[in-house]
Amino acid sequence: MTKSRLRANCQINPIVTPICFDGKQMEIRDWLSQFENCRAINLWTDDQCVKILPTFLRAQALQLYNDMTLIEKGDYGSLIKFLIQKFDPIQDPGVYLSQLHSMTQSSFKSLLQLSSAVFRLVCKAYPSIDSDSKQKMSIQYFIDALSDSEVQKQLRRLSPKTLAEAVDLALREESYVTLEKKRPKTQSLSEVEPSDQFSVFSKQLEELRECVAKLSVGKFSADRVEEAAVAPAPIQICSISNPKPHHLYPADVGDFLLGDLEIMSFIKLNILS
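These numbers were taken from a predicted model, which means no experiment stands behind them.

Caption draft 1: The arrangement of the packing of aromatic side chains in detail. According to the stated counting rule, one finds 5 aromatic pairs in the structure shown. Between Phe21 and Phe87, the ring centres sit 5.1 Å apart and the planes meet at 85°, which makes this aromatic pair edge-to-face. Of this pair, Phe21 sits in the loop between α1 (3-12) and α2 (28-42) while Phe87 is found in helix α6 (residues 76-87), placing the two residues 66 residues apart along the sequence. Both residues of the pair, Phe21 and Phe87, count as buried. The rings of Phe21, Trp31, Phe35, Trp44, Tyr76 and Phe87 are connected pair by pair, giving a single aromatic cluster.

Below is the structure:
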């Protein structure tokens, strides 16, 4: 097949096509880059592009195209220039800087979209700085835009070197924070009414017994180490002499069950009486 016949065939049955552009879901320069890639694959000429491009315009973009003059519509270069002027006009860097400061995670569907938007605005707000500085600025604005303050603190502590690393860390930290919020908290005896302390203590003691059942007297086997890793969290028990709660871990359970007379006296005098 000759090149002219191949070009004609691609015009009728294009190999790839760009997504439609409405002026809201995608940056105009990104969309035009996608259109140019499709043009190269399909071997579209400028004359063909002025006819094909409008078929992928929607909503506001299509309305603006309809307002163009016939001369502008007939020249591919003029058409591209018109779309860029309408959807990505050159503005004062302060405008982009203001957008960076007001950017929030809730405005984006994913952290990846947020990071892309941040980097794009940083490039516009600071056009003269080098690429390393753009990365550092983007990381800072990305962290500032995150919704969870705990995730922000963790990312600042970890000091990611690239924006991609910051996104990866943010995803992991968000998952961790979500799991921690869902994890039930262990109740301390000092946090409940005296009349309810015995039932709380009984429940905690039962958890300890279940934990002890998973432990061996001597060395741990591989499977028991794994079981111990998912055992209930340590509980807190107050004593008379020390109002600060005792933290009991599985390794301390044996000593406790042998008899912490001080704690048992506290239970007997203050709960059972």
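Now, onward.
Caption draft 2: Quick peek at the pattern of salt bridges. The final tally for this structure, using the stated rule, is 8 salt bridges. With its nearest N and O atoms 3.6 Å apart, the salt bridge here joins Asp168 to Arg172. Taken together, the positions of Asp168 and Arg172, both in helix α11 (residues 163-182) and 4 residues apart, correspond to about one turn of that helix.

Caption draft 3: Quick peek at the confidence of the model for the protein chain. Overall, the prediction assigns the protein chain a mean pLDDT of 77, with 66% of residues at 70 or greater. Within the model, the stretch residues 256-262 combines pLDDT values under 50 with 10 contacts to residues more than four positions away or in other chains.

Caption draft 4: Geometry of the side chain of Asn42. Relative to the assigned elements, Asn42 resides in helix α2. Using a relative accessible area of 0% as the deciding quantity, one classes Asn42 as buried.

Conventions used here
Residues numbered from 1 in each chain as written. Predicted model: local features only at pLDDT ≥ 70, side-chain atom pairs only at ≥ 80, totals over all residues. Heavy atoms only, no water. Phe/Tyr/Trp six-rings, centres within 6.5 Å; stacked < 30°, edge-to-face > 60°. Helix = DSSP H or I, 4+ residues; strand = E, 2+ residues; numbered from the N terminus. Buried < 20%, exposed > 50% of the residue type's maximum accessible area, 1.4 Å probe, protein only. Salt bridge = Lys/Arg side-chain N within 4 Å of Asp/Glu carboxyl O. pLDDT = per-residue confidence, 0-100. Contact = heavy atoms within 4.5 Å.

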